[in-house]
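The primary structure of each chain is shown beneath.
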Amino acid sequence: ASATVYGIKYAYGSQRLGDHYHPDTGAKYAGMTQAVNDAIAQMVSNGTTIAITDIYVALGANDSLVESHADAFGSNLIYFASEIRSDLGIPSARIHIPQTPTNFYPTYVPEVRTGKVAAVAAVSNMFLMGTDDLAIQSDNIHYEEASYVTIGERLATNLQATAATVAAESDGGTSFIMLIL
């Protein structure tokens with residue numbers, strides 16, 4: 001059997017989990033979950049059967065600018081994982097998190113990195129993607145273009161096992177979604 005895999009991307013630049021995407025207080029969280037649900041509803045209305053299997057969450061760099069956000073990043077990420085899975089009805093979805101590089105400029109990068117490691121240890125089906133070897137731009141916060149390509153390749157590698165499982169389980173009529181938040 002084969003399966004079709006789609007991606008839904010929801011992104012705003014310079015956002016923080018501690019402010020913008022916190023499930024209880026973040027101004028962007030409700031909009032994000034609504035946009036994802038709307039995209040899925042549109043696909044379903046077009047006759048597509050959907051199963052969400054993976055979420056890629058690229059948050060943390062901007063949380064490392066604010067000490068209180070950096071200190072709370074691990075617990076916020078654990079809570080975010082629980083709530084996004086619950087709110088989207090995908091309790092076992094795999095969550096992929098890129099590690100914040102050590103060469104980013106913000107002061108509180110170590111706290112965010114530690115929080116990501118703690119969250120991965122505490123949350124089932126959450127995976128940390130290494131990024132320390134990737135080049136960043138002279139602003140010391142954005143990756144160079146080639147690094148974004150490498151991140152995509154690493155994510156694709158992480159998803160290959162998922163794709164094989166999905167294809168084996170697919171009835172040929174189910175499409176699988178990876179959310180990119």
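Structure's up top.
Residues numbered from 1 in each chain as written. Predicted model: local features only at pLDDT ≥ 70, side-chain atom pairs only at ≥ 80, totals over all residues. Heavy atoms only, no water.

A. Broad picture of helix H1 (residues 29-45). Helix length check: H1, at 17 residues, gives a terminal C-alpha distance of 24 Å against a target of 24 Å (1.5 Å per residue), a fit within 8%. All of the buried residues in H1 are Tyr29, Met32, Thr33, Val36, Ile40 and Met43. Along the axis of H1, the buried positions cluster into a sector of 95°, meaning they face one direction only. Set apart from the buried face of H1 by more than 90 degrees, the exposed residues are Ala30 and Ser45. Just beyond H1, the residue with positive phi is Gly47, at close to 95°. (Helix = DSSP H or I, 4+ residues; strand = E, 2+ residues; numbered from the N terminus. Expected span 1.5 Å × (residues − 1). Buried < 20%, exposed > 50% of the residue type's maximum accessible area, 1.4 Å probe, protein only. Arc of directions from axis to C-beta.)

B. Just the pairing of strand E4 (residues 126-129), in detail. The pairing of strand E3 (residues 94-98) with E4 spans four bridges and is parallel. Bridging across to E4, His96 finds its partner in Phe127. Taking the sense of rotation as the criterion, the β-α-β connection linking E3, helix H4 (residues 109-122) and E4 turns out right-handed. (Pairing = 2+ DSSP bridges. Right-handed = clockwise from strand over helix to strand, strands pointing away.)

C. Seen up close, the nonpolar core. Phe80 and Met126 are the most contacted members of the largest nonpolar core, which has 27 residues in total. Those elements that place two or more of their residues in this core are H1, strand E2 (49-56), helix H3 (73-87), E3 and H4. Top element by residues in this core is H3. It accounts for five residues. In this structure, Phe104, Leu134, Ile141 and Ile151 belong to the second largest nonpolar core, which totals 11 residues. (Core = buried A, V, L, I, M, F, W, Y, C linked by side-chain atoms within 4.5 Å.)

D. How the structure looks around the packing of H3 against H4. Orientation of H3 relative to H4, taken along the N-to-C sense of each, is 40°, at an axis distance of 7 Å. Classified by chirality, the crossing of H4 by H3 is right-handed. Of H4, the residues touching H3 (which contributes Phe73, Gly74, Leu77 and Ile78) are Val112, Gly115, Lys116, Ala118, Ala119 and Ala122. For the contact of H3 with H4, a count of residues per class yields seven nonpolar, two polar and one charged. (Axes fitted to C-alpha atoms, helices over the stretch in contact; angles between N-to-C directions. Left-handed = near helix turned anticlockwise from the far one by under 90°. Contact = heavy atoms within 4.5 Å. Nonpolar A, V, L, I, M, F, W, Y, C, P; charged D, E, K, R; others polar.)

On their own, these measurements won't tell you what the molecule is for.
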